[in-house]
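Architecture at a glance
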Protein chains: 4
Amino acid sequence: MTADTARAVPEEHRAEVERLREHLCDLHADLPRWNLVTWTSGNVSARVPGADLMVIKPSGVSYDDLAPADMVVCDLDGRVVEGRRAPSSDTSSHAHVYRARPDVGGVAHTHSPYATAWAARGEAIPCVITAMADEFGGDIPVGPFALIGGDDIGRGVVATLDGHRSPAVLMRGHGVFTVGASARAAVKAAVMCEDVARTVHIARQGGPLERLPQEHIDALHDRYQNVYGQ
Amino acid sequence: MTADTARAVPEEHRAEVERLREHLCDLHADLPRWNLVTWTSGNVSARVPGADLMVIKPSGVSYDDLAPADMVVCDLDGRVVEGRRAPSSDTSSHAHVYRARPDVGGVAHTHSPYATAWAARGEAIPCVITAMADEFGGDIPVGPFALIGGDDIGRGVVATLDGHRSPAVLMRGHGVFTVGASARAAVKAAVMCEDVARTVHIARQGGPLERLPQEHIDALHDRYQNVYGQ
Amino acid sequence: MTADTARAVPEEHRAEVERLREHLCDLHADLPRWNLVTWTSGNVSARVPGADLMVIKPSGVSYDDLAPADMVVCDLDGRVVEGRRAPSSDTSSHAHVYRARPDVGGVAHTHSPYATAWAARGEAIPCVITAMADEFGGDIPVGPFALIGGDDIGRGVVATLDGHRSPAVLMRGHGVFTVGASARAAVKAAVMCEDVARTVHIARQGGPLERLPQEHIDALHDRYQNVYGQ
Amino acid sequence: MTADTARAVPEEHRAEVERLREHLCDLHADLPRWNLVTWTSGNVSARVPGADLMVIKPSGVSYDDLAPADMVVCDLDGRVVEGRRAPSSDTSSHAHVYRARPDVGGVAHTHSPYATAWAARGEAIPCVITAMADEFGGDIPVGPFALIGGDDIGRGVVATLDGHRSPAVLMRGHGVFTVGASARAAVKAAVMCEDVARTVHIARQGGPLERLPQEHIDALHDRYQNVYGQ
């Protein structure tokens, strides 16, 4: 998968692409910091605003070794446009999400342990704490099992998130995909997903749980999305 | 929520306010260090001694980015007196605690995972180890479910702690609030609350537990509060 | 508890006392590093070889703030001989161990979470993995519940370890005490105790366990104590 | 166990041996970083390509104190060829693996907690998530209980891995051994083994699990081994 010289980053998007390469390096550093990834697993991408392009992690490169120049620019069919590295094995799936969801500016994928444990059982995480209502607006749903390589995973992600407020989906037998208006928002969702997956797992070990009432979930989600923050 | 120029920090409290801004920055750094917070969750406030003022974390700001100048000064009705940032969403609840409890000089709030797991089930942590007797003087009680935004949470915190020696309360379906004579004492209680929540959770996974006898709890608490330390 | 000028560190032990103050600072830094302590909990002491003296952590001082000059020199009745700080609340118990066990050169105490969970249930950790046979030579036993302050804890530690190869004891409802030929060996035992407490806890969550056969435990312990290392 | 001057590192392998000493230092630093080892437990070795030699960690030396010069060069009967330290207690077993498996260039051994918990029960880790299919190509198998010192452990490792795609084996009642084309690949397998041991343990706490279908395991393993990465 080498760059096709017929496709290139248009000059008008050059500055933004360079900025995203650096920004993605910083965001990838958040994944090990929050204990979401092991060795080279996990990846984050960002859409290049106004272009049919995305920037994504290279395949199988250690987090310690990631430099901005390693990030790969692809078109929204997942073909490499610019990059000295082969892109993530999940590139076609990220690309599918960007094609299907114009509101999405960033995608993250991890095998974070507690969320992946729910995914292994194919069980949605029930919305039993306010932190889940805030960020996910309800349960974190489960998507279908899909093989890596093509865009099957991306199709499963998009189909599952349709009709949910959650920016996170647990792909059955696999791990977590999250979306956001920006790559940073997608990483935040991945971090929060693991946090609530852990808390709810621990809670349930001690006894049965009850979902928060729907009107409370609605009120909390509305406030967190519209009032919280600066 | 911008500062009302009609309300301002009186000159006599200026030095203390500046000291508390710095001190709160240091204390907030303790929260991720002890694994009590995820992303921007959690907050600490301090009463300004001798004034009807408190200093509190801004809303939704990353721990990495917190500087003393970001801390927000509010009155004890939760209105901003000085600050370039919007204050924590929990400001009205912190303010309520300071109004109702003149002995309280600091308040902390986290969603630390093991304590929040007990809160999700609405189950008090039983006092089965000496470290709990030392710091909490008995069980860590559960307060009511309450929505964020107003002072409902603060009212629940105050009502629940009444009649308990514990400086920590598990707010049902939400997380932990702690109080202390100082902000540092409140943070210490939050750190210890997560520690005992984890230990007692693990202990109970292996079999049934027995509370320490009340006279031992009393003796341990008295000693820790009055003899321990420098 | 200030130093009695009638008791003082004899000049012949001065150099060793200063060395132990520094050494204990380094060893205390191992406790948070291995996640054995929370806030100010936990303490380590060392016997001054050839003297009826020990050096111990001051009471209730943060690990970040510990300097060699903070360490307190006590006699083996637990009375302060030299120090600007009040000694650990566990001083009398450490002193009892040194009086009763001339082979012991160091004592450590923690509330490390997995080991304390076994202690909360009053359940010995069964010797089901080779790492336990190596370091502990069998089960890690449970000692009686005892109140802090006097030497009751120390008496329980000594009585329980009598007849066991284990350098660690789980004090019921409290936490871990370990002994060693040196303070470093005691800290090592505390680190290993938490490690095996965690592994055996996790193992048992998945199903029943069987103790290693006694002849294998004996062979492993003998080899680790006499052949392993430099 | 001092070096036999009759055996020495041939001059033609000198540069590679020095490179491996440094490389092994770096790889050993990965073990505590990924929380696989406690105190001095765990070890990694590398075959010297084209020679009947291996380089291995010294016995019982702290990870903080490991320098390239501490690494020990042994022949493939486990006898020291060059080194100022006694080699790991597992040296004979590493040597056996290199003798029996010419394709193996590196061996790693840990007592990482979740994997050792499966080993304590003598239970294989079932292949229920794609990350396991990727790296291990199926279940992670269990090998026999064997005593340390001779090459019994090595024989058990080789016999168990025969007929499995997994580069990791859980030695009953003991811990993890992994092999790889290089020492780095063996360390990667040890890191991934603990990661999946933890995730599958957590998953099963919440309910029964199903293995991935064999054709999916085959497809994932083939892709990860042959397409993934640079």
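Residues numbered from 1 in each chain as written. Chains lettered and ligands numbered in written order. Predicted model: local features only at pLDDT ≥ 70, side-chain atom pairs only at ≥ 80, totals over all residues. Heavy atoms only, no water.

Residue and element names in this part refer to chain B. Counting buried positions over the six residues of strand β8 (residues 175-180) gives six, a clear majority of the element. The sheet contact formed by strand β5 (residues 106-110) and β8 spans five bridges and is antiparallel. In the sheet register, V107 faces β8, and the bridge partner there is V179. Counted between consecutive antiparallel strands, the loop separating strand β7 (residues 168-171) from β8 contains three residues, among which G173 sits at a positive phi close to 70 degrees. (Buried < 20%, exposed > 50% of the residue type's maximum accessible area, 1.4 Å probe, protein only. Helix = DSSP H or I, 4+ residues; strand = E, 2+ residues; numbered from the N terminus. Pairing = 2+ DSSP bridges.)

With that out of the way, let us pick up helix α5 (residues 152-161) of chain D. Residue and element names in this part refer to chain D. A large share of α5 lies buried, amounting to seven of its ten residues. Buried residues of α5: I153, G154, G156, V157, V158, T160 and L161, and no others. Packing partners of the buried residues in α5 comprise α2 (91-100), β6 (142-143), β7 (168-171) and β8 (175-180). At the C-terminal side of α5, G163 shows a positive phi close to 90 degrees. (Contact = heavy atoms within 4.5 Å.)

What follows is about the UniProt feature "domain: Class II aldolase/adducin N-terminal" (unreviewed entry) in chain A. In the numbering adopted here, UniProt assigns the feature "domain: Class II aldolase/adducin N-terminal" (unreviewed entry) to residues 22-201 of chain A. Along residues 22-201 of chain A the backbone is 37% helical and 19% strand, and the end-to-end C-alpha distance reaches 35 Å. (UniProt positions renumbered as here; feature names shortened; annotations may be inferred.)

Moving on to the interface of chain D and chain C. Each side of the interface is counted separately: chain D has 31 residues, and chain C has 30 residues. Our count for the contact surface shared by chain D and chain C stands at one salt bridge. Here chain D is connected to chain C by twelve residue pairs in polar contact (both at pLDDT 80 or more). Where the side of chain D that touches chain C is concerned, the elements lending two or more residues are α3 (113-121) and α6 (183-205) of chain D. Broken down by element, the residue count for the side of chain D that touches chain C peaks at six residues, all from α3 of chain D. (Salt bridge = Lys/Arg side-chain N within 4 Å of Asp/Glu carboxyl O. Polar contact = N/O pair within 3.5 Å; in protein donor to acceptor, adjacent residues only side chain to side chain.)

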